[in-house]
Amino acid sequence: MAIDRDQFQERHIGPSAEDQAAMLETLGYDSLDQFIDAVVPADIRMQGSLKIPDAITEREALDQLRRLATQNQIFRSYLGMGYHDCVTPTVIQRNVLENPGWYTAYTPYQAEIAQGRLEALLNFQTMVADLTGLEIANASLLDEGTAAAEAMHLTEAVSKHQGQLTYLVDANCHPQTIAVVRTRAAARGLDIVVTDPAQFDFAKGNVIGALLQYPATDGAIRDYRALCAAAHASGGAAGSGGALITVATDLLALTLLTPPGEWGADIAVGNSQRFGVPLGYGGPHAAFFATRDEYKRHLPGRIIGVSKDRAGRTGLRMALQTREQHIRREKATSNVCTAQVLLAVVAAMYAVYHGPEGLKRIARRVHAHTAALAEALEKLGYGVVHREFFDTVAVEVPQDVLPRIINAARAKQINLRTLSQTRIAVAFDETVTELDVAHVVAAFATGTDGGSRRSGGAVLRSDKSFLPDSLTRTTSFCTHPVFNTHHSETEMLRYLKRLEDRDLSLTSAMIPLGSCTMKLNATTEMIPITWRGFGKLHPFAPREQAQGYAALFKQLEEWLAEITGFARVSLQPNAGSQGEFAGLLVIRAYHEHRGDKHRTTCLIPQSAHGTNPASAVMAGMQVVVVKTDAQGNIDLADLEAKAKEYRDTLGALMVTYPSTHGVFEASIKKICRVVHENGGQVYMDGANMNAQVGLCRPGDIGADVCHLNLHKTFCIPHGGGGPGMGPIGVAEHLAPYLPTHPVVDVGVPLAASAGTVSSAPWGSPSILPISWAYIAMMGREGLTLATKVAILSANYIARRLQDGGHYELLYAGQHGLVAHECIIDTRPFKSSAGVDVEDIAKRLIDYGFHPPTVSFPVAGTLMVEPTESEPKVELDRFVDALIAIREEVREVETGEADRDNNLLKNAPHPLADLLAESWDRPYSRERAGFPTPATREHKVWPPVSRIDAAFGDRNLMCTCPPVEAYATV
């Protein structure tokens, strides 16, 4: 059969028609449809096909996206509020942001093949800790609003207070941050008091802490030393001796201002976007979170730490993993499951490229332009509200003049921010020139008696500083050599390439991670993300300037609603964990609107992903665990008993489908019916949607709300651990309760809404063209075929590993088949050979592969998901590697290999070990490093041997160590 290479699905789907036939023959089926009929329960199958348009070609997709991009009007937006235009150094844009070696990598759980990314993230942490003046920082969060909310949760976790707790919020914070914090606080039952910091009273009631903005949203720079002293003297939190102070701040401003950690703040949060990350209409951007060392075990998200490998070489890994929600589940203080790694890398490399002096030079230029504006406006007769500012000027104007100024600016394609009926704010950035200053001054001049003529004599540069003397930075930052070495493009290019080569990404081999769907991120899908029409738009620009985005959102929402069987979709949640949280908030808002505020019990199967119980607690619900049976399915009898027991308070069931164990549970419709009969709503975790698209739909099955991981099923790349997107689809009766936004009207009434869950109205819009392109280019037939082949590939791997008795499959559904992932049981090898699952995972690195998911959802097992985009030759290469490793285990079992000193226990084997003068191991160097002919051709060499994680946690170091500590080969 001739292959039509103009059809994108032929490029995306790895196994050819001939390969699919061979795989089906291995499984004993005559056709793909016959096979799918055996896998997917008949009562949940879709009737008919998806109402998705026919597939378009790659060229047509780019043409359509180009037209959408040109519909967005790119004005000069001096709106601020935590978002600023910036310059992405092209060496970073081309070699990180647009480079699949960086954007197709996975979360660095396998540290030995993630040393490059880990070093880049350690640079990010070091940069943030230095600039904020605090001891420890994490490896990024989702956005400034959610970072501020996480700070509130940390404050609550360490508080000594009992009873009703109060949290104070500076009225001068960005409005979207206040909204996100309000939403999180309401779910947890915290009282929020938003007022001017001058009115803060830490002695009144159970005040656990406060959130400040430095500089404020209107540009003011205030000295909070006395306020911090009052908070710490109040006796409200463990360790600090009082209430905790969180400061939302700006990294560029901190190059010139005294860092919060030096004047008493306990936590600093913010957005690193202006460090080289495009605006993107709101995201994705990497938020930062820094705090004092005493709170490190409550620090949300991921922390990169320094440790050592078995040879004593410096090695990096993710530290303090016992804090993770996967382990703590309903006892977790955060549901964060992802980060914004790719964007954190960009921001860190921006600092590496410019260095501390370059960053200060940029900051001084921004401040000089802002100072020139302030002086020019005063000469026009306007009042500058705050005499101390960094990049934002608040200007008092007559009420009748304000619209004239705003409109005059708009006529010059400039967006200014209206603070009140008599006040305008102007926020400058690093892209501003003297001509830009002149245009703003001219707009303001239209409001004076002399009109625009009066702006002609304005001085457009100023040497005067409007920074307060008492808050001028005196301490150094980014002193580590990494920030003071790579300032030429040659040096920067080689540094980026050196780090890239220390990682394994999809450019090198398949990443067969169960539950994570590491599928092809096609080049055509990725190209538009750095186009000016998508990247240069401020999230709070007037909606009429974003018509291209509006059209893209509308189409994508309609397609996702059709694919899921729901009535409405919200794109606001910017991660899977955010989608879980938002979905549960929608359910709670629905119950409350019906007078059922007491429905806060959430049933969760014991097999669920760790974020499920963590999200339920974050949403103010009480978790009740439902048992699973020996086959990994939900125990129906236990579910019915729990649903009846909690009938009066039942709010929701959280269920993953196919199950976390990789099985299509045949009883799913009955499960939904039991919950509905007892007054609850069904929340479906869409982590495994890659097994449903075109075959069945959550809305048809009985779910009321479902989140979608666009970074899994719909091709947004993982980026080394982020970005992600977690939009939610809801049934008609839940549509009025979808998330809203305080700055931009997203079409959801404020009164009924569940609140605001992300800083930007539509989450991370600049990566949505990726999913749009995927759906458009696959079309309805391609989407359905992709699902079928993903299921086929998983079953093919499972069957080949079972044939010959190599491995046992832990769970299976009807006819002994699995969904799009399978769990391989490696636990028997612990007793037979002393080999555990980690040994097998690390040995796979020697074979040139990223290991599958380790010990999730069952300890001691491997969870494998091949996806539809891996060709059969790669599937076979992976299976052959696992079979070869099984033979290595058998050598230990038979006594041919030493139980404690063998290929598996010593894996992985870095090149440095193979090149060492002495070799005292009871196997050859060749077997260690070149176990297959393919590894002689190409593989990613781990730069270190197995990392000692326990040592790193005992000797925690989360900033850059001296250069000489790094391993060299």
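If you're wondering where the values come from, they're calculated on a predicted model, not measured in any experiment.

Right, let's get into the overall build of the protein chain. Looking only at helices and strands, the protein chain features 31 helices and 25 strands. The C-alpha radius of gyration computed for the protein chain amounts to 28 Å, which stays within 12% of the reference 30 Å derived for 969 residues, consistent with globular compactness. Here the protein chain holds 969 residues, and the buried ones make up 66% of them. A sequence separation of at least 24 residues applies to 77% of the contacts in the protein chain between residues at least 6 apart. On the protein chain, the mean spot of the 90 positive side-chain charges and the mean spot of the 108 negative ones are 3 Å from each other.

Moving on, we get to the environment of Thr446. By the secondary structure assignment, Thr446 is in the loop between α14 (434-445) and α15 (489-500). For Thr446, a relative accessible area of 27% corresponds to the partly exposed category. For Thr446 and Thr530, which are 84 residues apart along the polypeptide, the C-alpha to C-alpha distance reads 36 Å.

Glancing now at the sheet that holds strand β8 (residues 287-291). Adjacent strands of a sheet pair through backbone hydrogen bonds, lying either parallel or antiparallel. A sheet is described by the order of its strands in space; here seven strands give the open sequence β2-β8-β7-β6-β5-β3-β4, paired in mixed fashion. Lying at the two open borders of the sheet, with one neighbouring strand each, are β2 (136-137) and β4 (191-195). With four bridges connecting them, strand β3 (residues 166-170) and strand β5 (residues 207-214) associate as parallel partners. Among the inter-strand pairings, Val169 is bridged to a residue of β5, identified as Leu211. Contacting β3, β4 and β5, helix α9 (residues 175-188) runs over the sheet at an angle of about 160 degrees to β4.

Our focus in this paragraph is α14. Between the first and last C-alpha of α14 there are 16 Å, a value that for twelve residues agrees with the 16 Å anticipated at 1.5 Å per step. Along α14, the residues classified as buried are Asp436, Val437, Val440, Val441, Ala442, Ala443, Phe444 and Ala445.

What follows deals with the environment of Glu592. Within the secondary structure, Glu592 is located in helix α19 (residues 576-593). The exposure class of Glu592 is partly exposed, given its relative accessible area of 36%. Between the C-alpha atoms of Glu592 and Ala752, which are 160 residues apart in sequence, the distance is 9.6 Å.

So, on to unusual backbone geometry. Here Gly283 and Pro284 are connected by a cis peptide whose omega angle stands at 10 degrees. In this structure, Pro284 sits in the loop between β7 (267-271) and β8. Between Ala907 and Pro908 the backbone carries a cis peptide bond, its omega angle lying at -5 degrees. Along the chain, Pro908 falls in the loop between α27 (872-893) and α28 (911-914). Notably, Thr517 is not glycine yet its phi reads approximately 50 degrees, a positive angle. Relative to the assigned elements, Thr517 resides in the loop between α15 and α16 (523-526).

Before going further, it helps to spend a moment on the packing of aromatic side chains. Aromatic ring pairs are described here by two measures, namely the spacing of the ring centres and the angle between the planes. Under the counting rule described, the total for this entry stands at 25 aromatic pairs. Judged by centre distance (5.2 Å) and plane angle (35 degrees), the rings of Phe275 and Tyr350 are tilted. With Phe275 in the loop between β7 and β8 and Tyr350 in helix α12 (residues 341-379), this pair connects stretches of sequence that are 75 residues apart. Tyr350 shares its class with Phe275; the two are buried. On the basis of an interplanar angle of 20 degrees and a centroid distance of 4.7 Å, the ring pair of Phe389 and Phe466 is categorised as stacked.

Before going further, it helps to spend a moment on the packing of helix α8 (residues 144-158) against α9. Contact geometry of α8 with α9 gives a least axis separation of 8 Å together with a crossing angle of 40 degrees. By the criterion of interaxial angle, the relationship of α8 to α9 is oblique. Where α8 crosses over α9, the two elements pack in a sense that is right-handed. From α8, Glu144, Gly145, Thr146, Ala148, Ala149, Glu150, Met152, His153 and Glu156 reach across to α9, where they touch Thr177, Val180, Val181, Arg184, Ala185 and Arg188. Across the contact of α8 with α9, the residue classes tally to six nonpolar, four polar and five charged.

The next subject is the sheet that holds strand β11 (residues 383-384). Taken in spatial order, the five strands of this open sheet run β1-β13-β14-β12-β11, and their pairing is mixed. One side of each edge strand has no neighbouring strand; the edge strands of this open sheet are β1 (76-78) and β11. Bridge count for strand β12 (residues 392-396) against strand β14 (residues 423-427) is five bridges, and the pairing is antiparallel. Counted as the bridge partner of Glu396 is Arg423 from β14.

Attention shifts here to helix α24 (residues 768-802). Residues spaced three or four apart along an α-helix point in a common direction, a consequence of the helix completing one turn every 3.6 residues. An ideal rise of 1.5 Å per residue puts 51 Å on 35 residues; α24 reaches only 40 Å between its terminal C-alpha atoms. At Gly779, α24 shows its largest bend, some 100 degrees. For α24, the buried fraction is high: 29 of the 35 residues fall into the buried class. Of the residues flanking the end of α24, it is Gly804, one or two places downstream, whose phi is positive at about 85 degrees.

What follows is about the pairing of strand β19 (residues 681-686). The side chains of a regular strand alternate between both faces of the sheet. Counting buried positions along β19 gives six out of six residues, so the element sits mostly inside the fold. With burial as the criterion, each face of β19 is covered, one bearing Gln681, Tyr683 and Asp685 and the other bearing Val682, Met684 and Gly686. Bridge count between strand β18 (residues 650-656) and β19: five bridges; the pairing is parallel. If you follow Thr656 over to β19, its bridge partner there is Asp685. Taken together, β18, helix α22 (residues 668-677) and β19 form a β-α-β motif whose crossover is right-handed. The sheet contact formed by β19 and strand β20 (residues 705-708) spans four bridges and is parallel.

Take the pattern of salt bridges next. Scanning the model with the defined rule gives 49 salt bridges in all. When the shortest N-O distance is used, the salt bridge between Arg66 and Asp63 registers 3.3 Å. Of this pair, Arg66 and Asp63 both sit in helix α4 (residues 58-70), three residues apart, which is roughly one turn of that helix. A relative accessible area of 31% places Asp63 in the partly exposed class. Notably, a salt bridge pairs Arg886 with Glu893, separated by 3.2 Å at the nearest N-O pair. In the salt-bridge network here, residues are joined through shared partners; they are Arg76, Asp85, Asp436 and Lys536.

Moving on: the state of the cysteines. The final tally for this structure, using the stated rule, is zero disulfides. In this model Cys822 remains outside any disulfide bridge; the closest cysteine sulfur is found in Cys516, 14 Å from its own. Its relative accessible area of 1% is what places Cys822 among the buried residues.

Another aspect to go through is the packing of α4 against α24. Where α4 meets α24, the axes come as close as 10 Å, and the angle between the chain directions of the two elements is 140 degrees. Taken together, the axes of α4 and α24 are oblique relative to one another. In terms of crossing hand, the pair formed by α4 and α24 is right-handed. Touching Glu58, Ala61, Gln64 and Leu65 of α4 are Pro769, Trp772, Ala773 and Met777, all from α24. Partitioned by chemical class, the residues of the contact of α4 with α24 number six nonpolar, one polar and one charged.

On to the nonpolar core. Judged by nonpolar contacts, the single largest core of 247 residues is most densely connected at Phe35, Met127, Phe202, Phe275, Met349, Phe664 and Ile775. With residues near it in sequence (within four places) discarded, Phe35 still touches Leu24, Leu27, Tyr29, Lys788, Ile791, Leu792, Asn795 and Leu817. The next biggest cluster of nonpolar side chains, apart from the first, holds 34 residues, and it includes Ile136, Ala149, Ala248 and Leu320.

The rules we used
- Residues numbered from 1 in each chain as written.
- Predicted model: local features only at pLDDT ≥ 70, side-chain atom pairs only at ≥ 80, totals over all residues.
- Heavy atoms only, no water.
- Helix = DSSP H or I, 4+ residues; strand = E, 2+ residues; numbered from the N terminus.
- Rg over C-alpha atoms; globule rule 2.2 N^0.38 Å.
- Buried < 20%, exposed > 50% of the residue type's maximum accessible area, 1.4 Å probe, protein only.
- Contact = heavy atoms within 4.5 Å.
- Lys, Arg positive; Asp, Glu negative; His and termini not counted.
- Charge placed at Lys NZ, Arg CZ, Asp CG, Glu CD.
- Pairing = 2+ DSSP bridges.
- Axes fitted to C-alpha atoms, helices over the stretch in contact; angles between N-to-C directions.
- Expected span 1.5 Å × (residues − 1).
- Phe/Tyr/Trp six-rings, centres within 6.5 Å; stacked < 30°, edge-to-face > 60°.
- Parallel < 35°, antiparallel > 145°, perpendicular 65-115°, else oblique.
- Left-handed = near helix turned anticlockwise from the far one by under 90°.
- Nonpolar A, V, L, I, M, F, W, Y, C, P; charged D, E, K, R; others polar.
- Bend = angle between axes of the 7 residues up to and from the residue.
- Right-handed = clockwise from strand over helix to strand, strands pointing away.
- Salt bridge = Lys/Arg side-chain N within 4 Å of Asp/Glu carboxyl O.
- Disulfide = S-S within 2.5 Å.
- Core = buried A, V, L, I, M, F, W, Y, C linked by side-chain atoms within 4.5 Å.

Nothing here speaks to function; it is geometry throughout.
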